[in-house]
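An overview of the molecular structure
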Amino acid sequence: MYLKNFIRDKNVASITPTSPFGVRKVCEKIDFKKRNVIIEFGPGSGVFSKYILRKMTRDSKLILIELNKNFVTILQNRVKDQRVGIFNDNAENVLNILESAHELGADYIISGIPFSFIPFSTKNSILNNTYLALRNGGKFLVYQHSNHLKDYLKRHFDMVRIEHEIRNIPPLCIYEAIKFSSSHVNHL
Ligand SMILES: C[S@@+](CC[C@H](N)C(=O)[O-])C[C@H]1O[C@@H](n2cnc3c(N)ncnc32)[C@H](O)[C@@H]1O
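All of the points below concern the structure found in this document. (Residues numbered from 1 in each chain as written. Predicted model: local features only at pLDDT ≥ 70, side-chain atom pairs only at ≥ 80, totals over all residues. Heavy atoms only, no water.)

**Focus on the overall build of the protein**
So the rule is basically this: The way it works is that DSSP assigns letters per residue, a run of H or I at least four long becomes a helix, a run of E at least two long becomes a strand, and they are numbered from the N terminus. It is over C-alpha atoms that the radius of gyration is taken, and the globule rule equals 2.2 Å times the number of residues to the power 0.38. Any pair of residues with heavy atoms lying within 4.5 Å of one another is described as a contacting pair. Computed by Shrake-Rupley with a 1.4 Å probe, the accessible areas treat only the displayed protein chains as cover when residues are assessed. Charge assignment: positive for Lys and Arg, negative for Asp and Glu; neither His nor the chain ends contribute. Where a charge sits is defined by one atom per residue type, namely NZ (Lys), CZ (Arg), CG (Asp) or CD (Glu).
Scanning the protein from N- to C-terminus turns up seven helices and seven strands. Seen in sequence order, the protein has helices and strands lined up from the N terminus as α-α-β-α-β-α-β-α-β-α-β-α-β-β. For 188 residues, the compact-globule estimate of 2.2 N^0.38 gives 16 Å, and the protein sits close to it at 15 Å. Taking contacts inside the protein between residues at least 6 apart in sequence as the whole, the part at least 24 apart equals 69%. When the accessible surface of the protein is totalled, it reaches about 9,300 Å², and 52% of it is carbon and sulfur. Charged side chains in the protein number 27 positive and 17 negative. The centres of these two groups are separated by 5 Å.

**Considering the nonpolar core**
Side chains of nonpolar character tend, in soluble globular proteins, to be buried together. Our working rule: To qualify as a nonpolar core, a set must consist of buried Ala, Val, Leu, Ile, Met, Phe, Trp, Tyr and Cys residues joined through side-chain atoms within 4.5 Å. Burial classes follow relative accessibility: with a 1.4 Å probe on protein chains only, a residue under 20% of its type's maximum area counts as buried, one over 50% as exposed, and anything between as partly exposed.
Ile-39, Phe-41, Phe-115, Phe-140 and Leu-153 are the most contacted members of the largest nonpolar core, which has 30 residues in total. Secondary structure elements with two or more residues in this core: β1 (37–41), β2 (61–66), α5 (94–100), β4 (106–111), α6 (120–133), β5 (134–144), α7 (150–156) and β7 (172–178). Per element, the largest residue contribution to this core is four residues, and it comes from α6. Beyond its immediate stretch of four places on either side in the chain, Leu-153 contacts Leu-127, Phe-140, Val-142, Val-160, Tyr-175 and Ala-177. Counting 22 residues, the second largest nonpolar core, distinct from the first, contains Phe-32, Phe-48, Ile-52 and Met-56.

**Brief notes about the packing of helix α2 (residues 20–27) against helix α3 (residues 47–55)**
Worth spelling out the cut-off: Interaxial angle, 0 to 180 degrees, is taken between N-to-C directions of lines fitted to C-alpha atoms, where a helix line uses only the stretch in contact. Any angle that falls under 35 degrees is termed roughly parallel, while one over 145 is termed roughly antiparallel, one within 65 to 115 roughly perpendicular, and all others oblique. Throughout, a crossing is termed right-handed when the near helix is turned clockwise from the far one, and left-handed when it is turned anticlockwise from it by less than a right angle.
Where α2 contacts α3, the axes come no closer than 10 Å and their chain directions differ by 50 degrees. When the axis of α2 is compared with that of α3, the two are oblique. Helix-helix and strand crossings are classified by hand; for α2 and α3 the assignment is right-handed. Contacts from Gly-22, Val-23, Arg-24, Val-26 and Cys-27 in α2 reach Val-47, Phe-48, Tyr-51 and Ile-52 in α3.

**Some details on the sheet that holds β7**
To keep things clear, this is the line we draw: Strand pairing follows a simple DSSP-based rule, namely that at least 2 bridges must link the two strands.
In space, the seven strands of this open sheet follow the order β3-β2-β1-β4-β5-β7-β6, with mixed pairing throughout. What marks the edges here is a single partner per strand, and that holds for β3 (84–88) and β6 (159–165). The sheet shows a mean angle of 15 degrees between the axes of neighbouring strands, direction not considered. In the sheet, β5 pairs with β7 via six bridges, with the strands oriented antiparallel. Bridging from a neighbouring strand, Phe-140 pairs with Ala-177 of β7. With respect to the sheet, α2 is in contact with β4, β5, β6 and β7, its orientation differing from that of β6 by roughly 155 degrees. Along the sheet, α3 contacts β1, β2, β3, β4 and β5; its crossing angle with β2, the most-contacted strand, is approximately 175 degrees.

**Describing the packing of aromatic side chains**
Our working definition: Aromatic pairing here means that ring centres of Phe, Tyr or Trp (its six-membered ring) are within 6.5 Å. Orientation follows from the plane angle: under 30 degrees is stacked, over 60 is edge-to-face, and everything else is tilted.
For the structure shown, the criterion picks out four aromatic pairs. Seen from their ring centres, Phe-41 and Phe-140 are 6.2 Å apart, and the 65 degrees between their planes marks the pair as edge-to-face. One end of the pair, Phe-41, is in strand β1; the other, Phe-140, is in strand β5, and 99 residues separate them in sequence. On the basis of relative accessible area, Phe-41 is assigned to the buried category, the value being 0%.

**Here's the deal with the side chain of Lys-179**
Note the cut-off: Put simply, a salt bridge is a Lys or Arg side-chain nitrogen that is within 4 Å of an Asp or Glu carboxyl oxygen. Identification of polar contacts relies on pairs of N or O atoms within 3.5 Å, with a donor-acceptor requirement for protein atoms, meaning one able to donate a hydrogen and the other able to accept it, and with residues adjacent in sequence counted only if both atoms are side-chain atoms.
Structurally, the position occupied by Lys-179 is in the segment after β7. Notably, Lys-179 is buried but unbridged: the nearest opposite-charge side chain belongs to Asp-158, and the N-O separation is 7.5 Å. Polar contacts involving the side chain of Lys-179 include one to the main-chain carbonyl oxygen of Leu-134, which spans 2.8 Å. In contact with Lys-179, other than residues within four places in its own chain, are Tyr-131, Leu-132, Leu-134, Arg-135, Asn-136, Gly-137, Gly-138, Phe-157 and Asp-158.

**Here we look at the pattern of salt bridges**
One pass over the full model with this rule turns up 12 salt bridges. In this structure, the salt-bridge partner of Lys-61 is Glu-103, at a minimum N-O distance of 3.1 Å. Linking Lys-61 in strand β2 with Glu-103 in the loop between α5 and β4, this pair joins segments that are 42 residues apart in sequence. On the accessibility criterion, Lys-61 (25% relative accessible area) is partly exposed. Of the residues examined, Glu-103 reaches a relative accessible area of 13% and is grouped as buried. Close ionic contact of Arg-135 with Asp-107 constitutes a salt bridge, the shortest N to O distance being 3.2 Å. Separated by 28 residues along the polypeptide, Arg-135 in strand β5 and Asp-107 in strand β4 bring together distant segments of the chain. Among the ionic contacts, a cluster of salt bridges with common partners joins Lys-25, Glu-28, Lys-29 and Glu-163.

No statement about biological role is implied by the geometric values presented.
Below is the structure:
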(Lines give C-alpha, C1' and ligand atoms only; values in the text may rest on other atoms or scores of the structure.)
Protein backbone atom coordinates (compact mmCIF):
# COMPACT_ATOMS: atom_id res chain seq x y z
CA MET A 1 0.00 0.00 0.00
CA TYR A 2 2.76 2.42 1.00
CA LEU A 3 4.85 1.45 -2.04
CA LYS A 4 1.83 1.95 -4.35
CA ASN A 5 1.31 5.47 -3.06
CA PHE A 6 5.04 6.14 -3.42
CA ILE A 7 5.00 5.08 -7.09
CA ARG A 8 1.91 7.16 -7.90
CA ASP A 9 2.73 10.30 -5.91
CA LYS A 10 6.20 11.89 -5.74
CA ASN A 11 5.19 13.83 -2.60
CA VAL A 12 5.07 10.57 -0.63
CA ALA A 13 8.87 10.37 -1.01
CA SER A 14 9.41 7.20 1.03
CA ILE A 15 8.77 3.51 0.38
CA THR A 16 8.12 2.60 4.00
CA PRO A 17 6.61 4.33 7.05
CA THR A 18 8.92 5.75 9.73
CA SER A 19 10.25 3.07 12.12
CA PRO A 20 9.17 2.86 15.80
CA PHE A 21 12.72 4.10 16.68
CA GLY A 22 12.19 7.22 14.56
CA VAL A 23 8.68 7.82 15.92
CA ARG A 24 9.86 7.54 19.55
CA LYS A 25 12.90 9.78 19.04
CA VAL A 26 10.78 12.58 17.51
CA CYS A 27 7.98 12.25 20.08
CA GLU A 28 10.29 12.23 23.12
CA LYS A 29 10.50 16.01 22.58
CA ILE A 30 6.77 16.36 23.39
CA ASP A 31 5.53 17.00 26.94
CA PHE A 32 2.56 14.63 26.97
CA LYS A 33 1.62 15.46 30.58
CA LYS A 34 -0.24 18.66 29.63
CA ARG A 35 -3.05 19.56 27.20
CA ASN A 36 -1.56 20.04 23.74
CA VAL A 37 -2.69 21.07 20.30
CA ILE A 38 -0.52 18.95 18.00
CA ILE A 39 -0.50 19.30 14.22
CA GLU A 40 0.99 16.68 11.94
CA PHE A 41 2.01 17.51 8.34
CA GLY A 42 2.00 14.43 6.09
CA PRO A 43 0.83 11.72 8.51
CA GLY A 44 0.79 9.13 5.68
CA SER A 45 -0.54 5.83 7.05
CA GLY A 46 -0.58 7.24 10.61
CA VAL A 47 2.43 5.75 12.44
CA PHE A 48 3.05 9.00 14.36
CA SER A 49 -0.66 9.74 14.78
CA LYS A 50 -1.38 6.41 16.48
CA TYR A 51 1.60 6.76 18.83
CA ILE A 52 0.65 10.35 19.74
CA LEU A 53 -2.98 9.38 20.42
CA ARG A 54 -1.83 6.70 22.86
CA LYS A 55 0.26 9.26 24.76
CA MET A 56 -1.71 12.53 24.68
CA THR A 57 -4.22 13.66 27.32
CA ARG A 58 -7.97 13.26 26.82
CA ASP A 59 -8.44 17.00 26.30
CA SER A 60 -5.61 17.36 23.75
CA LYS A 61 -6.23 17.76 20.03
CA LEU A 62 -4.46 16.23 17.03
CA ILE A 63 -4.84 17.89 13.62
CA LEU A 64 -3.70 15.82 10.63
CA ILE A 65 -2.94 17.58 7.33
CA GLU A 66 -2.36 15.12 4.48
CA LEU A 67 -2.16 15.93 0.75
CA ASN A 68 -2.58 12.39 -0.59
CA LYS A 69 -6.25 11.28 -0.84
CA ASN A 70 -5.44 7.56 -0.49
CA PHE A 71 -3.68 8.18 2.81
CA VAL A 72 -6.58 10.36 3.97
CA THR A 73 -8.99 7.44 3.39
CA ILE A 74 -6.64 5.12 5.29
CA LEU A 75 -6.41 7.61 8.18
CA GLN A 76 -10.19 8.01 8.30
CA ASN A 77 -10.46 4.23 8.77
CA ARG A 78 -7.51 3.72 11.12
CA VAL A 79 -7.45 6.80 13.29
CA LYS A 80 -10.94 6.97 14.73
CA ASP A 81 -10.81 9.22 17.76
CA GLN A 82 -12.82 12.27 18.82
CA ARG A 83 -9.61 14.19 19.51
CA VAL A 84 -8.53 14.02 15.86
CA GLY A 85 -9.31 16.27 12.88
CA ILE A 86 -8.27 15.00 9.44
CA PHE A 87 -7.76 17.52 6.61
CA ASN A 88 -7.06 16.57 2.99
CA ASP A 89 -5.03 19.70 2.36
CA ASN A 90 -1.57 21.21 1.93
CA ALA A 91 0.59 22.02 4.97
CA GLU A 92 0.91 25.52 3.51
CA ASN A 93 -2.72 26.15 4.60
CA VAL A 94 -2.01 25.42 8.26
CA LEU A 95 -3.26 28.82 9.49
CA ASN A 96 -6.73 28.41 7.91
CA ILE A 97 -6.93 24.83 9.18
CA LEU A 98 -6.01 25.88 12.72
CA GLU A 99 -8.77 28.50 12.61
CA SER A 100 -11.34 26.02 11.35
CA ALA A 101 -10.35 23.72 14.24
CA HIS A 102 -11.16 26.66 16.61
CA GLU A 103 -7.62 26.80 18.02
CA LEU A 104 -5.44 29.89 18.44
CA GLY A 105 -2.07 28.16 18.22
CA ALA A 106 -0.29 24.82 18.20
CA ASP A 107 2.09 23.54 20.87
CA TYR A 108 3.83 21.16 18.47
CA ILE A 109 3.90 20.75 14.71
CA ILE A 110 5.42 17.49 13.46
CA SER A 111 6.44 17.12 9.85
CA GLY A 112 7.72 14.40 7.55
CA ILE A 113 6.84 16.14 4.29
CA PRO A 114 9.72 15.97 1.79
CA PHE A 115 11.05 19.53 1.97
CA SER A 116 13.86 18.79 -0.50
CA PHE A 117 11.25 18.21 -3.27
CA ILE A 118 9.23 21.33 -2.48
CA PRO A 119 9.81 24.49 -4.57
CA PHE A 120 11.66 27.33 -2.86
CA SER A 121 8.70 29.74 -2.54
CA THR A 122 6.34 27.04 -1.19
CA LYS A 123 8.97 25.93 1.32
CA ASN A 124 9.33 29.53 2.50
CA SER A 125 5.57 29.91 2.80
CA ILE A 126 5.19 26.62 4.74
CA LEU A 127 7.94 27.63 7.19
CA ASN A 128 6.50 31.13 7.71
CA ASN A 129 2.99 29.79 8.28
CA THR A 130 4.30 27.08 10.59
CA TYR A 131 6.08 29.68 12.72
CA LEU A 132 2.90 31.79 12.90
CA ALA A 133 0.75 28.75 13.76
CA LEU A 134 2.89 27.89 16.82
CA ARG A 135 2.33 29.38 20.27
CA ASN A 136 5.32 31.05 21.95
CA GLY A 137 7.48 28.20 23.24
CA GLY A 138 6.00 25.91 20.58
CA LYS A 139 8.16 23.42 18.68
CA PHE A 140 8.40 22.41 15.04
CA LEU A 141 9.66 18.79 14.98
CA VAL A 142 10.87 17.73 11.54
CA TYR A 143 12.28 14.41 10.37
CA GLN A 144 14.09 14.19 7.02
CA HIS A 145 16.59 11.92 5.33
CA SER A 146 19.30 14.62 5.13
CA ASN A 147 20.41 17.78 6.89
CA HIS A 148 19.46 20.11 4.01
CA LEU A 149 16.84 21.94 6.13
CA LYS A 150 19.18 23.24 8.82
CA ASP A 151 19.90 26.68 7.34
CA TYR A 152 16.26 27.30 6.36
CA LEU A 153 15.06 26.47 9.86
CA LYS A 154 17.73 28.67 11.43
CA ARG A 155 16.45 31.64 9.41
CA HIS A 156 12.87 31.10 10.54
CA PHE A 157 13.13 29.86 14.12
CA ASP A 158 14.73 31.19 17.29
CA MET A 159 16.60 27.99 18.16
CA VAL A 160 17.30 24.79 16.19
CA ARG A 161 18.70 21.51 17.53
CA ILE A 162 19.60 18.50 15.38
CA GLU A 163 19.79 14.80 16.23
CA HIS A 164 20.02 11.58 14.22
CA GLU A 165 18.28 8.20 14.39
CA ILE A 166 20.43 5.63 12.62
CA ARG A 167 18.11 2.71 13.40
CA ASN A 168 15.69 4.01 10.74
CA ILE A 169 16.11 2.95 7.09
CA PRO A 170 17.28 5.32 5.70
CA PRO A 171 18.65 7.10 8.81
CA LEU A 172 16.74 10.16 9.97
CA CYS A 173 17.86 13.67 10.65
CA ILE A 174 15.58 15.07 13.37
CA TYR A 175 15.24 18.83 13.83
CA GLU A 176 13.76 20.52 16.89
CA ALA A 177 13.01 24.15 15.95
CA ILE A 178 11.67 26.36 18.75
CA LYS A 179 9.66 29.60 18.62
CA PHE A 180 10.36 31.99 21.49
CA SER A 181 8.76 35.22 20.26
CA SER A 182 5.71 35.99 18.16
CA SER A 183 7.03 38.79 16.00
CA HIS A 184 9.06 37.90 12.93
CA VAL A 185 8.18 36.52 9.53
CA ASN A 186 11.22 35.58 7.48
CA HIS A 187 11.83 35.33 3.77
CA LEU A 188 14.58 33.10 2.39
C1 LIG B 1 7.82 10.60 3.89
S2 LIG B 1 6.05 10.43 3.96
C3 LIG B 1 5.86 10.36 5.75
C4 LIG B 1 4.63 9.59 6.16
C5 LIG B 1 4.49 9.30 7.65
N6 LIG B 1 4.41 10.51 8.42
C7 LIG B 1 5.59 8.43 8.17
O8 LIG B 1 6.40 8.91 8.97
O9 LIG B 1 5.65 7.25 7.81
C10 LIG B 1 5.54 12.09 3.57
C11 LIG B 1 4.04 12.35 3.67
O12 LIG B 1 3.81 13.75 3.48
C13 LIG B 1 2.69 13.94 2.60
N14 LIG B 1 2.87 15.28 2.02
C15 LIG B 1 3.81 15.67 1.12
N16 LIG B 1 3.74 16.98 0.89
C17 LIG B 1 2.73 17.46 1.67
C18 LIG B 1 2.17 18.75 1.90
N19 LIG B 1 2.64 19.83 1.27
N20 LIG B 1 1.15 18.88 2.77
C21 LIG B 1 0.66 17.79 3.43
N22 LIG B 1 1.13 16.54 3.26
C23 LIG B 1 2.16 16.38 2.39
C24 LIG B 1 2.78 12.77 1.64
O25 LIG B 1 1.56 12.53 0.98
C26 LIG B 1 3.20 11.65 2.61
O27 LIG B 1 2.09 11.09 3.24
